[in-house]
Amino acid sequence: MIIYRLKSKNISYDLYLPKKSNGKVVLYIPGLPGHPRKKYLGEILTNNGFTFFEMRFPGSWESDGSFTMNNCVNSLKEAYNFLQKGVGIELRRNTQKEWKHNEIIFLGSSFGGGVVLSSHIKDPLTFVLLAPVTKIKHLKESLFILPSGDDDLFYLLSNGYNNAYRGLKKKDWLNFLNGKTLINPEKNMNNLKNKKLIFFQGTDDDVILNKHTAEYVKDLKDNSINIKLTEIKKTKHGEDLEEKAILSLIKNIQ
């Protein structure tokens, strides 16, 4: 399968095109740190008729700009507008690629799921969330504090991935952990009321705990938000969940 590289203003994408489109486009929003590329997801989805885009946040990997929490949320609007055009230029032979887009589905994993849940896009959309960040306090509680005073995830991103996440500042990170950036699903409940939410959660996930996802899902239901939660037994975080949930996911968005 050919994987095309496309770009909107700031964001780079991998594009997987099906032989026969069902008119549905899936936009994958990555975790943190994310490791491109999601070839396994892309191939299964396109084999079932979906067009699959994998985006990189601004300031990360091949995308332009600075990696900030607010830029992550705002990038969804840029990506959504780009996918709605149904046409773009692939960046090897400078040729035009087109895709049907009767429905656009956001597929957010972990940190990316928290970004999706914080989106300010007003249109009714389907959001598929794979063990997403929900209540920021639970993420904050899970971090290990090093002798330097930094938490282990910030230290990893700023030292082990410093060229992959460019522009990440400690002040912005601390604001995120204290609920003071646009990434804050709890403060975005009203904008989820016209969305269809589909959650997948591994029962053995030790990064995003099953009980925390269930707690947030209950909050959504209490706010009359359309939500379905599927628990995947004996499943951990990240790619383990993605690979085990993909066939169930396809059934839910057919």
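Everything below is about the structure shown above.
Notes on the structure in this doc start here. In this numbering scheme, every chain counts its residues from 1 along its sequence in written order. Confidence filtering applies because this is a predicted model: local features only for residues at pLDDT of at least 70, side-chain atom pairs given and counted only at 80 or more, and all residues used for totals across whole chains, interfaces and linings. Calculation of side-chain values draws on the structure's entire complement of heavy atoms; hydrogens and water are dropped beforehand.

Looking now at helix 8 (residues 239-253). By the criteria applied, helices consist of DSSP H or I runs no shorter than four residues and strands consist of E runs no shorter than two, each listed in order from the N terminus. For a helix, the expected span equals 1.5 Å multiplied by the number of residues minus one. Compared with an ideal rise of 1.5 Å per residue, which puts 15 residues at 21 Å, helix 8 spans 20 Å between its outermost C-alpha atoms and is within 8% of the ideal. Largest kink in helix 8: about 50°, centred on Ile246. Three exposure classes are used, based on accessible area relative to the maximum for each residue type with a 1.4 Å probe and protein chains only: buried under 20%, partly exposed in between, and exposed over 50%. Among the residues of helix 8, Leu241, Glu242, Ala245, Ile246, Leu249, Ile250, Asn252 and Ile253 are the ones counted as buried. Of the surrounding secondary structure, the elements contacted by the buried residues of helix 8 are strand 3 (24-29), helix 1 (39-47), strand 7 (103-109), strand 8 (126-130), strand 9 (196-202) and strand 10 (226-232). The reported bend at a residue is simply the angle between two axes, fitted to the 7 residues ending at it and to the 7 residues beginning with it. What makes two residues a contact is simply this: any of their non-hydrogen atoms within 4.5 Å.

This part is about the pattern of salt bridges. Note on definitions: salt bridges are taken to be side-chain nitrogens of Lys or Arg within 4 Å of carboxyl oxygens of Asp or Glu. All told, the structure shown has 16 salt bridges when counted by the stated rule. Note that Glu43 and Lys39 form a salt bridge whose closest N and O atoms lie 2.5 Å from each other. Within this pair, Glu43 and its partner Lys39 are both found in helix 1, separated by four residues, close to a single helical turn. Residue class for Glu43 comes out partly exposed when judged on its relative accessible area of 26%. For Lys218, the salt bridge is made with Asp222, and the minimal N-O distance between the two is 3.0 Å. Residue Lys218 and its partner Asp222 are both found in helix 7 (residues 210-222); the two are separated by four residues, about one turn of the helix. For the pair formed by Lys218 and Asp222, the shared burial category is exposed. When salt bridges with common partners are traced through the structure, they connect Arg5, Asp14, Arg37, Glu54, Arg56 and Glu62 into a single cluster.

None of the figures reported here should be taken as evidence of function without further support.
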